[in-house]
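The lines below spell out each chain.
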Amino acid sequence: MFAGYLRPLHNLDIDEQYTHLKDCDIYFQEAHTSPKRRVKLKDLLNHLQEGDKVIVARLNVLADSTNHLAELLNELDEREIYFQAIHEEIDTSNESGKHFLPMLNKLISFQSDVISENTRRGLIKAKEQGKSSGRPKKPDENVKKAIEMYQTNNFTLLEIKEQTGISKSTLYRYLEQLS
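Nothing here was measured: the structure is a model prediction, and the numbers come from that model.

1. Let's talk about the sheet that holds strand β2 (residues 26-29)
Strands sit in the order β2-β1-β3-β4-β5 across an open sheet of five strands; the sheet is mixed. In this open sheet, the two strands that pair with only one neighbour each are β2 and β5 (90-91). Sheet topology note: the strand β1 (residues 2-6)/β2 ladder contains four bridges and is parallel. In the sheet register, Gly4 faces β2, and the bridge partner there is Tyr27. Lying on the sheet, helix α2 (residues 39-47) is in contact with β1, β2 and β3 (53-56); it crosses β2 at an angle near 150°.

2. Notes on helix α6 (residues 140-152)
A rise of 1.5 Å per residue sets the reference length of α6, with its 13 residues, at 18 Å; its end C-alpha atoms lie 19 Å apart and thus fit the reference within 8%. Restricting attention to buried positions, one finds in α6 the residues Val143, Ala146, Ile147 and Met149. Viewed end-on, α6 has its buried residues packed into an arc of 165°, placing them on one side of the element. Away from the buried face of α6 by more than 90 degrees, exposed residues Asp140, Glu141, Lys144 and Gln151 are located.

3. Some words on the side chain of Lys53
Its place among the elements puts Lys53 in strand β3. Residue Lys53 is classed as buried on the basis of its relative accessible area, which comes to 8%. A distance of 3.3 Å separates a polar atom in the side chain of Lys53 from a polar atom in the side chain of Gln84. A polar atom in the side chain of Lys53 sits 3.2 Å from the side chain of Ser93.

4. Re the nonpolar core
Counting 28 residues, the largest nonpolar core has Tyr5, Leu44, Leu48, Leu62, Leu73, Leu76 and Phe83 as its most contacted members. Mapped onto this core, the elements with two or more residues apiece are β1, α2, β3, α3 (59-62), α4 (66-78), β4 (82-85) and α5 (100-128). Broken down by element, the residue count for this core peaks at five residues, all from α4. Residues in contact with Leu62, not counting those within four places in the same chain, are Tyr5, Arg38, Leu41, Val56, His68, Leu69, Leu72, Leu73 and Phe83. One finds Ala146, Ile147, Met149 and Leu175 within the second-largest nonpolar core, a separate group that totals eight residues.

Calculation criteria
- Per chain, residues are indexed from 1 in the order of the written sequence.
- Owing to the predicted nature of the model, reporting of local features is limited to residues with pLDDT of at least 70; listing and counting of side-chain atom pairs is limited to 80 or more, with chain, interface and lining totals taken over all residues.
- Derived side-chain values reflect all non-hydrogen atoms in the structure, with water molecules and hydrogen atoms excluded from consideration.
- Between any two strands, pairing holds if DSSP finds at least two bridges.
- Helix numbers and strand numbers start at the N terminus; a helix is a DSSP run of H or I with at least 4 residues, a strand a run of E with at least 2.
- Pairs of residues are marked as contacts when any of their non-hydrogen atoms sit within 4.5 Å.
- Geometry is summarised by axes, namely lines fitted to C-alpha atoms with helices restricted to the contacting stretch, and by angles between N-to-C directions that run from 0 to 180 degrees.
- Take the residue count of a helix, subtract one, and multiply by 1.5 Å to get its expected span.
- Between buried and exposed lies partly exposed: a residue is buried under 20% and exposed over 50% of the maximum accessible area for its type, with that area taken using a 1.4 Å probe on protein chains only.
- In this description, the arc belongs to the directions extending from the helix axis to the C-beta atoms.
- Any N or O atom pair separated by 3.5 Å or less is treated as a polar contact, with the protein-specific requirement of one donor-capable and one acceptor-capable atom, and with residues adjacent in sequence counted only for side-chain atom pairs.
- Only buried residues count toward a nonpolar core. Its members are Ala, Val, Leu, Ile, Met, Phe, Trp, Tyr and Cys residues joined through side-chain atoms within 4.5 Å.

Interpretation note: all reported values are geometric properties and have no functional meaning in isolation.
Here is the structure:
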C-alpha cells in the first residue's frame, strides 16, 4: 500500500502536494501547520504495515527537524516500511535510497559532535577568561543566615526564603553538607 502524507506549509500548498502523490492508495492530511499536534501522522504510523510505503512531496512535510526526520525514518526502517520524498528524489525501496538513512544518521552524529566540541571550547575559553559556568552561587552570608534561621525553629521555610533568597532545596543541600 502507498500512503500519502500531506501537511499545509507556507511554501507548499495541499493541492500541489496532491499532484505529487496522485498514485497513493490512501491519504493522511493534517488540517493545520502546527508541528505539535500531528494527529494524522500518528494515524499514519498506526495504520502502516510491513512492506507499505509512505510518500511525501518534500521532506519538510514529514518532519520539522533533522533529528525528527531521522527518528521517523528509523522507526519506518525498523518496521520494514519504505519511504519516498518526491522533491528530494529519495526512495528507500530502491538501492540508492537505502543509503539515505545511514547517511542521515551519520550527519546527525556529526552535527552533535560539532555542537559538543563548540560547547566544550566555549566553556574552556570562558574559564580561561575567569568566567564561571553554571548557576551563580548564593552569597555565603545568605546561606549562613538561612541555616541559623532554620536551626532556631522560629521560621517557616517560606519566611527563610523571603528573607534570604535561599530555596528549600538549596537550604537542605547545605544542611546535608554540615552533617
